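# Chain and residue survey
So the chains spell out like this:
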Amino acid sequence: MFWQVLDLPDGKVKFTPEMRFISESTTERESCYRVLDDNGKKIMSSNYAEVSREVAVKMYTDMVMLQTMDTIFYEAQRQGRISFYLTTVGEEAINIASAAALTFDDIVLPQYREPGVLIWRGFTAQEFANQCFSNKADYGKGRQMPIHYGSNKHNYITVSSPIATQLPQAVGVAYSLKMDRKDACVVTYIGEGGTSEGDFHSALNFAAVTEAPVVFICRNNGWAISTPTSDQFRSDGVVVKGRAYGIRSIRVDGNDALAMYSAVYAAREMAISEQRPILIEALTYRVGHHSTSDDSTKYRPVDEIERWKVERDPVTRFRKWIERNGWWSGEAEIEARNSVRKQMLHAIQETEKVEKPPVADMFTDVYDCPPSNLVEQEKRLRETIKRHPQDYPSDVPV
């Protein structure tokens, strides 16, 4: 009887005389939580968190702002006015709905496709423009490439290009909240391609072991630039990876704003009250190109892109729902879109009037007292600019 159970430090394991391998996958895939159908109608008997009229309207208008900003900044890059841009087309619901379910005390560590979180928290069109145009008012002093936003005021840690590095950092931040007994959690985002990075697995294990109040939101949009999910993993998506690390997980329709809001709202409550990590896989589709450096029509069918753009647009779906509730109208739609467009265009016009950060800013904010090699580099740069002024931007103060 004693030898029927192996008593290990982490619990008891039963013995069995049957040699049985664990299946590589189940025959039936994990289901996907949804509240609204493709036409914006609430599914009968759906379980979701109630959203007030005020919150619902703000969610929609913020999605409109995100759409408009993407269109205008993308065009600005094509005109040569900024060097790079990356849109969130097709993923607006993940951005805005997840942000709406949080409090401003919750700390966000983004990947790079989550500017909607900042929009929800009050980051202005002018602040977005300052960063993308790298002027003197940019909080990063022009050192980062466009779309690498950050704001201490909004508890939004600055975007970092290396994939998945924010995930273990998010767990560390969450553990600090746990130690300080804060009534808040950390939310961090990643694309499904990022789950192939070692940092993803390290972070999940780190979070599970420390029981850190962190919510991982994976935007599974089908494509890691040109790499499809079929070349990323053989598992049933990302949601099943949580169980392997002992993390409670859920798969959600990322194009359903109500489902995203409800799932993140519940995940936040569990993360804080139970002091545990949660993994959310949001199924969606990247309608836009990966970035302005990409042409996605080279590796995926145009009709596939159009089908998702027309039939499964998250913004249109949510608009239909608030219209059915009597909270929105055609007149309000026209007014909102015109107003946001004017704001964005005005922001760009004002931004382009502001001078660029001075050359000196390239060498500050790292060392209290600059080392000799850095002093020498700055000296040589200034000498080079003086000798070859035609090769350097004239609007950068020397």
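Residues numbered from 1 in each chain as written. Predicted model: local features only at pLDDT ≥ 70, side-chain atom pairs only at ≥ 80, totals over all residues. Heavy atoms only, no water.

Right, let's talk about the sheet that holds strand β8 (residues 248-253) for a bit. Strands sit in the order β3-β4-β5-β9-β8 across an open sheet of five strands; the sheet is parallel. Each having just a single partner strand, β3 (107-109) and β8 make up the two edges of the open sheet. Across this sheet, the average inter-strand angle for adjacent strands is 20°, counted without regard to direction. Where β3 meets strand β4 (residues 186-191), three bridges bridge the pair, whose relative direction is parallel. Looking across to β4, one finds that Leu109 is bridged to Thr188. Helix α2 (residues 92-100) contacts β4, β5 (214-220) and β9 (278-283) of the sheet and is inclined by roughly 165° relative to β5. (Pairing = 2+ DSSP bridges. Helix = DSSP H or I, 4+ residues; strand = E, 2+ residues; numbered from the N terminus. Axes fitted to C-alpha atoms, helices over the stretch in contact; angles between N-to-C directions. Contact = heavy atoms within 4.5 Å.)

Take the packing of helix α1 (residues 53-78) against helix α10 (residues 314-324) next. Where α1 contacts α10, the axes come no closer than 10 Å and their chain directions differ by 150°. Taken together, the axes of α1 and α10 lie roughly antiparallel to each other. You can see that α1 and α10 cross each other, and the crossing is left-handed. Contact residues: α1 offers Ala56, Met59, Tyr60, Met63 and Gln67, while α10 offers Val315, Phe318, Arg319, Trp321 and Ile322. Class assignment of the residues belonging to the contact of α1 with α10 gives a composition of eight nonpolar, one polar and one charged. (Parallel < 35°, antiparallel > 145°, perpendicular 65-115°, else oblique. Left-handed = near helix turned anticlockwise from the far one by under 90°. Nonpolar A, V, L, I, M, F, W, Y, C, P; charged D, E, K, R; others polar.)

The terminal C-alpha atoms of helix α8 (residues 257-273) lie 24 Å apart, and with 17 residues this matches the ideal 24 Å at 1.5 Å per residue to within 8%. Close packing links the buried residues of α8 with α1, α2, β5, β8, β9 and α10. By the N-cap criterion, in which a side-chain oxygen at the helix start approaches the backbone nitrogen of a residue two or three places on, α8 is capped by Asp256, the distance to Leu258 being 3.1 Å. (Expected span 1.5 Å × (residues − 1). Polar contact = N/O pair within 3.5 Å; in protein donor to acceptor, adjacent residues only side chain to side chain.)

Further remarks concern the packing of aromatic side chains. Scanning the model with the defined rule gives 12 aromatic pairs in all. Relative to Phe128, the ring of Phe123 has its centre 4.8 Å away and its plane inclined at 80°; by these criteria the two rings are edge-to-face. Looking at Phe123, the relative accessible area reads 3%, which means it is buried. According to the relative accessible area criterion, Phe128 is buried, its value standing at 0%. (Phe/Tyr/Trp six-rings, centres within 6.5 Å; stacked < 30°, edge-to-face > 60°. Buried < 20%, exposed > 50% of the residue type's maximum accessible area, 1.4 Å probe, protein only.)

Turning our eyes to something else, we now look at the domain arrangement of the protein. Partitioning the protein into domains gives domain 1 (53-353) and domain 2 (363-391). Computed over C-alpha atoms only, the centres of domain 1 and domain 2 are separated by 37 Å. (Domains from an automatic or database assignment.)

A contiguous nonpolar patch, built from Leu6, Leu8, Val13 and Phe15 and spanning about 330 Å² of accessible area, is present on the exposed surface. Turning to its location among the elements, Phe15 is positioned in the loop between β2 (11-14) and α1. In this structure Phe15 comes out as partly exposed when scored by relative accessible area, which is 45%. (Patch = residues over 30% accessible without salt bridge, like charges linked within 9 Å, V, L, I, M, F, W, Y side chains within 5 Å. Areas by Shrake-Rupley, 256 points an atom, 1.4 Å probe, with all protein chains shown as cover. Salt bridge = Lys/Arg side-chain N within 4 Å of Asp/Glu carboxyl O.)

Quick look at the packing of α1 against helix α4 (residues 125-132) now. Relative to each other, α1 and α4 sit at 30°, their axes nearing to 12 Å. With respect to their mutual orientation, α1 and α4 come out roughly parallel. Relative to α4, α1 is oriented so that their crossing is right-handed. Where α1 abuts α4, its residues Met65, Met69 and Phe73 lie against Ala125, Phe128, Ala129 and Cys132. Residue composition of the contact of α1 with α4, by class: seven nonpolar, no polar and no charged.

Moving on: α10. Side chains of residues three or four places apart in an α-helix project in the same direction, reflecting 3.6 residues per turn. Those residues of α10 that sit buried are Pro314, Val315, Arg317, Phe318, Trp321 and Ile322. Angularly, the buried residues of α10 cover 165° about the axis, an arc narrow enough to put them on a single face. In the core, the buried residues of α10 are packed alongside α1, α2, β8, α8 and α11 (330-351). A positive backbone phi angle near 80° is found at Gly326, which sits one or two residues after α10. (Arc of directions from axis to C-beta.)

One finds Met59, Phe73, Tyr85, Tyr149, Ile217, Ile280 and Phe318 to be the most contacted residues of the largest nonpolar core, which totals 75 residues. Examining the composition of this core, we find that 12 residues originate from one element, α1, more than from any other. The contact partners of Ile280, leaving out residues within four places of it in the chain, are Val215, Phe216, Ile217, Cys218, Ile250, Val252, Ala263, Val264 and Ala267. Membership of the second largest hydrophobic core comes to 24 residues, among which are Leu109, Val186, Phe200 and Ile247. (Core = buried A, V, L, I, M, F, W, Y, C linked by side-chain atoms within 4.5 Å.)

A few words now on the pairing of β2. With four bridges connecting them, strand β1 (residues 5-8) and β2 associate as antiparallel partners. Bridge pairing links Val5 to Lys14 in β2. Hairpin connection, β1 to β2: the antiparallel pair is bridged by two residues.

A separate point is the pairing of β4. Of all six residues that make up β4, six are buried, and the element is covered over most of its length. Judged by which residues are buried, β4 turns out to be covered on both faces: Val186, Thr188 and Ile190 on one side and Val187, Tyr189 and Gly191 on the other are all buried. Judged from the six bridges that link them, β4 and β5 form a sheet pairing that is parallel. Note that in β5 the partner of Ile190 across the bridge is Cys218. Handedness of the crossover joining β4 and β5 through helix α6 (residues 198-210) is recorded here as right-handed. (Right-handed = clockwise from strand over helix to strand, strands pointing away.)

Our focus in this paragraph is the side chain of Asp313. Looking at where Asp313 falls in the secondary structure, it is placed in the loop between α9 (302-311) and α10. Salt bridges are absent for the buried Asp313, whose nearest opposite-charge side chain, Arg319, sits at 6.2 Å. At 2.6 Å, the side chain of Asp313 forms a polar contact with the side chain of Thr316. Residues in contact with Asp313, not counting those within four places in the same chain, are Gln67, Glu92 and Trp308. (Lys, Arg positive; Asp, Glu negative; His and termini not counted.)

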